[in-house]
Amino acid sequence: MERLLIKKILKEEIVDQTVLIKGWIRSIRKSKKFSFVVLNDGTSQGSLQIVVDAELENYEEVSTLLIGSSVAITGLLVPSGGKGQKVEMQAKSVEIIGKTDESYPLQKKATSLEFLRENAHLRMRTNAFGAIFRVRHELAMATHKFFSDKGFYYLNSPIISAVDGEGAGEMFRVSTLDSKNPALNDKGEVDFTQDYFGKEVSLCVTGQLEGECFASGMGAIYTFGPTFRAENSNTPRHLSEFWMIEPEVAFADLDDIADLASEYVQYLIAHALEHCKDELDFLVTRHGADIDATHLDMLAHVRDTKFVKITYTEAIEILSNSKQKFEFPTVWGKELQTEHERFLSEKHFKAPVIVTDYPADCKAFYMKQNEDGKTVRAMDVLVPGVGEIIGGSQREEDYDKLIAKMDADGMEKEGYWWYTDLRKYGSVPHAGFGLGFERAIMYITGMSNIRDVIPFPRNPKSCDF
Ligand code: 4AD
Ligand code: MG
């Protein structure tokens, strides 16, 4: 018999059919004449209730199965009188596939997110994490559809890189040198010419620089891949390995990509509200959720409202004039901290806000320099609850200005020859941004720790699973 997915059974409310289902037991309750099994197969927020009659041949064994066991059940689907379910199953046969024992960590009592983080290999079997990772899947698919429908090409930028694309010195080195006894040069330094690639290389922090090459020939591209940052930030918003979506567009300026950014975020929200209703409903109402009850109304509002756009200078004015006490100073020229970003989006505008034209010193070397000689054509998109979810800019397309900036920042330009070459051969105004995929998932699901929206988080001093 062909297996049916529980998602299909619940969605189409299939009854009067004998079908085969397979999944993991979420709960099991034994009574004299029957046992009630709740089965989930990962395909939907809802589970299916199965009534197992004591007459069944292997009833003794089935009725003593523990939570987490895997089974294949053949049975008749019938209308259900139970609360919150339209269909249930009367089992005709139960095949036991894999048993558990009492040590199975996911027992019926409520388990904390923290506890589940320590059991990340099993947490996708809970309602909350099933929901989060189905939303994650939907947002990934929506991303490809959004950009592909607009004519952007999907680009796989390299993961091993010989340059620091952000110039921030936060890279993980990739090496096959003997770590106990590395080859040394005359000066006693590690001799990377003897390393695998004949030079020092690292995991990429961004795919942007390669993205710029492709946009400068194919018009518009987007990357969607893993990026790695060896920054020592142990916060609920930082990961050492995270996924980023980076569109890059030729013949475009900052306003063009600010519009693209808001359209993309609104598209993601619309997609989630339409395709992940059960999941989002579950997440905002789940036991112990610290999510605002109005979360879904807020998302619907953001989907339909144009994003506010202010300059960095205006942001500093708003912050300095507010009554809020900040830990970090709000003076022109200093980085905006998370507390500032959250104040602007959460308290002041109560909506996503795009901040543009930051001081050059706060931003990366590749950004287009403004006429004022102080600011660059940068933008960050800030959202309530999370802070920055997007960072982007128009790129410096003038060869001399770019070189001067790299020199001023003390960068070793050698490895970037191909990147600066773009400015020599048919250079055009171009712009792009990076959306932190996990930050976007946090924002849309309302989850408050980034480690709960990536399958297996990597953080300083922590790399399990
Ligand atoms: O602002 P960032 O560093 O910008 C770039 O990487 C540019 N190359 C993007 C571009 O213009 N093509 O990073 C972009 C986004 C941030 O807004 C944030 O959402 C996310 O990536 N991000 C992180 N997410 C999780 N953990 C970290 N450590 C992150 N660092 C950045
Ligand atoms: Mg940034």
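Up top is the structure these notes are about.
These numbers were taken from a predicted model, which means no experiment stands behind them.

Caption draft 1: Quick peek at the sheet that holds strand β1 (residues 18-30). Here 5 strands make up a closed barrel; going around it, the order is β1-β2-β3-β5-β4 and the pairing mixed. Averaged over all pairs of adjacent strands, the angle between their axes in this sheet comes to 55 degrees, without regard to strand direction. Judged from the 2 bridges that link them, strand β3 (residues 48-53) and strand β5 (residues 87-98) form a sheet pairing that is parallel. Residue pairing for β5: Ile50 is matched across the bridge by Met89.

Caption draft 2: Focus on the pattern of salt bridges. All chains considered together, the criterion is met by 25 salt bridges. Measuring nitrogen to oxygen at the nearest pair gives 2.8 Å for the salt bridge that ties Lys277 to Asp281. Of this pair, Lys277 and Asp281 both sit in helix α7 (residues 277-285), separated by 4 residues, roughly a single helical turn. Each of the salt bridges in this network shares a partner with another, and the network as a whole consists of Glu114, Arg117, Arg123 and Asp452.

Caption draft 3: Seen up close, the side chain of Lys363. Checked against the element boundaries, Lys363 lands in the loop between β13 (353-359) and β14 (375-383). Reaching out from Lys363, the side chain makes a polar contact with the side chain of Asp380 at a distance of 3.1 Å. Once you skip the residues sitting within four places of it in the chain, Lys363 turns out to touch Tyr358, Val376, Ala378 and Asp380.

Caption draft 4: Fine view of the site of ligand 1. Among the 24 residues in the neighbourhood of ligand 1, the closest are listed as Glu166, Gln208, Glu231, Glu246 and Glu388. Here Thr206 contributes a side-chain N or O atom positioned 3.0 Å from a nitrogen atom of ligand 1. Between Gln208 and ligand 1, the recorded distance is 2.7 Å, taken from a side-chain N or O atom to a nitrogen atom. Contributions of two or more residues to the shell around ligand 1 are made by β11 (241-250), β15 (387-394) and β16 (430-436). A per-element tally of the shell around ligand 1 places β15 first, with 5 residues. Here the shell around ligand 1 is composed, by residue class, of 8 nonpolar, 8 polar and 8 charged.

Caption draft 5: Spotlight on the packing of helix α4 (residues 127-149) against α7. It is at 9 Å that the axes of α4 and α7 come closest, and there the two elements cross at 135 degrees. Taken as axis vectors, α4 and α7 run oblique relative to one another. The interaxial crossing formed by α4 with α7 has left-handed handedness. Contacts from Asn127, Ala128, Ala131, Ile132, Arg134 and Val135 of α4 reach α7 at Glu279, Leu280, Phe282 and Leu283.

Parameters at a glance
Residues numbered from 1 in each chain as written. Chains lettered and ligands numbered in written order. Predicted model: local features only at pLDDT ≥ 70, side-chain atom pairs only at ≥ 80, totals over all residues. Heavy atoms only, no water. Pairing = 2+ DSSP bridges. Helix = DSSP H or I, 4+ residues; strand = E, 2+ residues; numbered from the N terminus. Axes fitted to C-alpha atoms, helices over the stretch in contact; angles between N-to-C directions. Salt bridge = Lys/Arg side-chain N within 4 Å of Asp/Glu carboxyl O. Polar contact = N/O pair within 3.5 Å; in protein donor to acceptor, adjacent residues only side chain to side chain. Contact = heavy atoms within 4.5 Å. Near = heavy atom within 4 Å. Nonpolar A, V, L, I, M, F, W, Y, C, P; charged D, E, K, R; others polar. Parallel < 35°, antiparallel > 145°, perpendicular 65-115°, else oblique. Left-handed = near helix turned anticlockwise from the far one by under 90°.

Bear in mind that shape data such as this cannot, by itself, settle questions of function.
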